[in-house]
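Residues per chain, in single letters:
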Amino acid sequence: MSVRRFAAMGCEIVVSGVDDAAYRATGRLFAERERIFSRFRADSELNRVNRRGGRSVFVSTQFSSMLAIALDAARETDGLVDPTLARALEGAGYDADFTQLRDDGRPPAPGGTGRWRDIRLVGRHALLPAGVQLDLNGVVKGKTVDDSLALLAGDAFVCAGGDLAVRGGAVVGLPGGGTVRLVRGGLATSGSDRRRWMRGGLAQHHLIDPRTGSPSRSCWRQVTACGATCLAADIAAKAAFLLGEDGPDWLDANRIPGRFVAAEGNVHANASWRRSLEQELLCT
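Residues numbered from 1 in each chain as written. Predicted model: local features only at pLDDT ≥ 70, side-chain atom pairs only at ≥ 80, totals over all residues. Heavy atoms only, no water.

Quick look at the sheet that holds strand 3 (residues 56–58)
Pairing is antiparallel across the open sheet formed by three strands, whose spatial order is 3-5-4. Of all strands in the sheet, those bounded by a partner on one side alone are strand 3 and strand 4 (120–122). On average, each strand axis in the sheet is tilted by 20° relative to the strand beside it, whichever way the strands run. As paired strands, strand 3 and strand 5 (residues 125–127) are joined by three bridges and run antiparallel to one another. Bridging from a neighbouring strand, Phe 58 pairs with His 125 of strand 5. (Pairing = 2+ DSSP bridges. Helix = DSSP H or I, 4+ residues; strand = E, 2+ residues; numbered from the N terminus. Axes fitted to C-alpha atoms, helices over the stretch in contact; angles between N-to-C directions.)

Concerning the packing of aromatic side chains
Taken as a whole, this structure holds five aromatic pairs when the rule is applied. Taken together, a centroid distance of 5.8 Å and an interplanar angle of 80° make the contact between Phe 6 and Tyr 23 edge-to-face. Here the residue Phe 6 occupies a position in strand 1 (residues 3–8), and Tyr 23 occupies one in helix 1 (residues 20–37), the gap between them amounting to 17 residues. Note on Trp 220 and Phe 260: the rings are 4.9 Å apart at their centroids and 50° apart in plane angle, and the pair reads as tilted. Taken as a pair, Trp 220 in strand 13 (residues 220–227) and Phe 260 in strand 14 (residues 258–262) lie far apart in primary sequence, 40 residues in all. Judged by its relative accessible area of 11%, Trp 220 is buried. Members of the aromatic cluster, connected to one another through ring pairs, are Phe 6, Tyr 23 and Phe 30. The ring of Tyr 23 is capped by Arg 4, whose NZ or CZ atom sits 4.0 Å from the centre of that ring. The ring centre of Tyr 94 lies 5.0 Å from the NZ or CZ of Arg 39, which sits over that ring. (Phe/Tyr/Trp six-rings, centres within 6.5 Å; stacked < 30°, edge-to-face > 60°. Buried < 20%, exposed > 50% of the residue type's maximum accessible area, 1.4 Å probe, protein only. Lys NZ or Arg CZ within 6 Å of the ring centre and 35° of its normal.)

Remarks on the sheet that holds strand 6 (residues 156–160)
Strand order in the open sheet formed by eight strands is 1-2-6-7-8-13-14-15, with antiparallel pairing between adjacent strands. Either end of the sheet is taken by a strand with one partner, and the two such strands are strand 1 and strand 15 (267–269). Averaged over neighbouring strand pairs, the angle between their axes works out to 25° when direction is ignored. Alignment of strand 13 against strand 14, held across five bridges, turns out to be antiparallel. Bridging across to strand 14, Thr 224 finds its partner in Arg 259. With respect to the sheet, helix 5 (residues 137–150) is in contact with strand 2 (11–16), strand 6 and strand 7 (163–173), its orientation differing from that of strand 7 by roughly 135°. Docked against the sheet, helix 6 (residues 230–242) engages strand 7, strand 8 (179–191), strand 13 and strand 14, running at close to 40° with respect to strand 8. (Contact = heavy atoms within 4.5 Å.)

Some words on the environment of Ile 256
Note that Ile 256 resides in the loop between helix 7 (247–253) and strand 14. The exposure class of Ile 256 is buried, given its relative accessible area of 17%. Put simply, Ile 256 and Ala 236 are 20 residues apart on the chain and 7.8 Å apart in space, counted from C-alpha to C-alpha. Ignoring sequence-local partners within four residues, the contact set of Ile 256 consists of Ala 225, Cys 226, Ala 236, Leu 251, Asn 270 and Ser 272.

Given below as structure tokens:
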């Protein structure tokens, strides 16, 4: 199975089972989504919408679809996966492409808490309250992985920074060691060790708790979740990470396999993860 790689959305994209035409199509899709949804491109549609806070904006079909997905994710997780945390990320110092972040000595600024319930989306008309800014990366990358897999024929996988969608099976390395065979569906990991930086001498990371507007103080270092799609797995992993000690039970209540790596390195798998391994039916 051929494997190709390229960079997009601040991470390495790995695709398998592609010919030249499919490889180019996948690259174009990631580039298009980055142009629309990047916080770090002044000309992105996301930033155009964010600049229009307090006024209704007519958005593209892709934008309205992704915003609807983000609002559904917020609803399903009771606001844990919230698309309105761009200002909180900036306050924590994530105000440029990750490779360009530098500690300029300023302390982290207080970030606003999540306000997803205040967003209005009617067809292709979006309305953000004044002062609220969107960050849709919580759903864009996972959805793009899934949409890229749909462009490929036969057995294949697409992986973006460790978040994966598979058709036909693949052996996947796990945080903290070990592997698992993913039969089909998606696998995603959220962790505070992936994107870390210093702000005013204080360590920061990108997983903002919408209840506080600051980087989460979860007891977990990494949470991996399995789902029918990469998007579903990504949403579940982030919600479980933010829930801290309640994360394993929350995933079990939703029948989602999850694997947790604690700050000290201990690994804990919830009952759904253990059961899925015993049955050898992952992410069906």
